[in-house]
Amino acid sequence: MLYIISAMNTKRSLRQLERQIGALQEKLCALGPMHPGSVSRQYQVCGNPACRCMHPQRPQRHGPYYKLAYVHRGKPTCRFVRADCVAELKQRLRVYKTFRALMDRWIELSIQRGVIEYFSPAARKTAVRKARSS
Ligand SMILES: [Zn+2]
């Protein structure tokens, strides 16, 4: 009796997990353009002693410049970004963060699913039944 109830709960949990994974997959498919990394704003000194950026009392450094930094397959990359592209690029960075969060949640749910299907007492009983019936 206890086994039947736990098997029912297991089936219900599996269905719930499958529904949640399906919803995540739909959200992932709906994501727009993305890009990894972060954008920073910088001001620079050119080194010319006659330039306003080298003024001893009131230095006015050049900029702002926007720099994108990211790591892909272990390789760090930095690129300057045109100011008129920064807003759109930041949107892509946000989409990438959402992508990673959704993927992380998918992995979490997949592990929970695996626990039910392969590593719970109910899963062992199912496996034994399958082995006996074949
Ligand atoms: Zn300068």
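Please refer to the structure placed before this passage.
Residues numbered from 1 in each chain as written. Predicted model: local features only at pLDDT ≥ 70, side-chain atom pairs only at ≥ 80, totals over all residues.

## Things to note about the pairing of strand S3 (residues 75–81)
Among the seven residues of S3, zero are classified as buried, and the element is accordingly described as predominantly exposed. If you look at the hairpin formed by strand S2 (residues 62–72) and S3, you'll find two residues sitting between the two strands, and Arg73 has a positive phi there, around 50°. (Buried ≥ 20, exposed ≤ 12 C-beta atoms within 10 Å, placed from the backbone. Helix = DSSP H or I, 4+ residues; strand = E, 2+ residues; numbered from the N terminus. Pairing = 2+ DSSP bridges.)

## A look at the environment of Arg94
Tracing the sequence through the fold places Arg94 in helix H2 (residues 86–119). Among the residues examined, Arg94 registers 13 C-beta atoms within 10 Å and is labelled partly exposed.

## Concerning the pairing of S2
For strand S1 (residues 38–44) and S2, the ladder comprises six bridges, and the chain directions are antiparallel. Bridged to Gln44 within S2 is His62. Pairing geometry for S2 and S3, over seven bridges, is antiparallel. From the neighbouring strand, Ala69 faces S3, where its bridge partner is Cys78.

## So, unusual backbone geometry
The peptide bond linking Gly63 to Pro64 adopts the cis configuration, its omega dihedral lying at 5°. One non-glycine residue, Arg73, lies in positive phi territory at about 50°. You can see Arg73 is positioned in the loop between S2 and S3.

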